[in-house]
Amino acid sequence: MTFKKAILAISAGALLFGITSANASEWTPKNNVEFIVPYSAGGGSDLNARALAEAIRENQLMEQNLLILNRPGGSGAVGNTYVASKEGDGSTIMTFNSGQMMSTISNDAAIKLESITPLGTLALDTLMLAVKVDASTTTFEELLAAANKDPLKITVGGTSRGSEDNLVFSLLNKPAGKTLQYVPFNGSADVLSALLGGHVNAGIFNPSEIAPQVEAGSVRVLGSFSAERLPGVFEDVPTFAELGYIEAVFEMFRGYAGPPNMTQEMIDFWNGVLGGAAQSEQWLKDVEAKGLIPTYLDAEESKRFWQKEEQRYVELLGELSGSN
């Protein structure tokens, strides 16, 4: 919480720096920009990228078009590798979040944080546990009671092992007696299909991934891994800390990165674009609607923040590996 407050405290200054940097930048993309999403369409990263692209377009923050290209596979590794191969190319960017970083650590991937160029962070995100609206378990206590009656029969879907979904599952399952069973999928869209199809009892999702289903009345959220309750459609959803699981708190960054060896002029350009988007009405409305926490860090601040997060994830994932 202390570090989170520190991030929010410097957001205003960082935003002004980003906009100033854009005005000073002499470099601009000559062609359309490839905006890589290393996950399938419909997931949290995809929705985030499309909202950002719309905010940039509506506010005319750059002349070129952003072409969103989904390159799923390997828990983000396919997209990461593609962007890392475009060395020095300021016309290629990608979404980069906690899940991607965790995957590079847990899978010992060739492409890690040092292989890319941090460009900015625009929000913090969290995760939630949801069931079908017609499920017999309407609270987490009821879900846990069912698991206690028949250990490992109650299944919880999430993205691949070693992901942020797997981590928060462990933060919850360990104090709950390890009676729940984790079922990994390639992406959140697959988790949602499995949940709605009755193939798993519950699923772990970002707020943006599950909000439409909550509004449509097809799922019920049992709890949030956020530090505080989220607004809007989630205002009545308790945090797991409220339910007594004080260690089950996890908030992630949603950022953007480019290939290695980008010039300072390229970085300045993206500081300006991302900084402008961060204060736009469209972006702030989208952030609120999806239960995100508005937070802006420029390229240099993101680099420092991500490096600290990388160290934290190494420790958490080490604990997760030791508990399996």
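Here the structure is a predicted model, which is why all the values come from computation and not from measurement.

Cut-off values and rules
- Residues numbered from 1 in each chain as written.
- Predicted model: local features only at pLDDT ≥ 70, side-chain atom pairs only at ≥ 80, totals over all residues.
- Heavy atoms only, no water.
- Helix = DSSP H or I, 4+ residues; strand = E, 2+ residues; numbered from the N terminus.
- Salt bridge = Lys/Arg side-chain N within 4 Å of Asp/Glu carboxyl O.
- Buried < 20%, exposed > 50% of the residue type's maximum accessible area, 1.4 Å probe, protein only.

**Side note on unusual backbone geometry**
At step 1: In this model, S75 sits at a positive phi of 55°, which is unusual for a non-glycine residue.
At step 2: The residue S75 is located in the loop between β2 (66-70) and α3 (77-84) in this model.
At step 3: With phi around 50°, D108 is a residue other than glycine that occupies positive phi space.
At step 4: Locating D108 in the fold gives a position in the loop between α4 (98-106) and β4 (117-125).

**Overview of the pattern of salt bridges**
Once the charged atoms of two side chains with opposite charge are near each other, the side chains can pair.
At step 1: By the definition in use, this model includes ten salt bridges.
At step 2: For E34, the salt bridge identified is with K86, shortest N-O distance 4.0 Å. Linking E34 in strand β1 (residues 33-37) with K86 in the loop between α3 and β3 (92-97), this pair joins segments that are 52 residues apart in sequence.
At step 3: With relative accessibility at 25%, the residue K86 sits in the partly exposed group.
At step 4: R304 serves as the salt-bridge partner of E300, at 3.7 Å between the closest nitrogen and oxygen. Here R304 and E300 lie together in helix α11 (residues 299-323), a separation of four residues that amounts to about one turn.
At step 5: On the accessibility criterion, R304 (44% relative accessible area) is partly exposed.
At step 6: Each of E54, R57 and E58 takes part in salt bridges that share partners, so that together they form one network.

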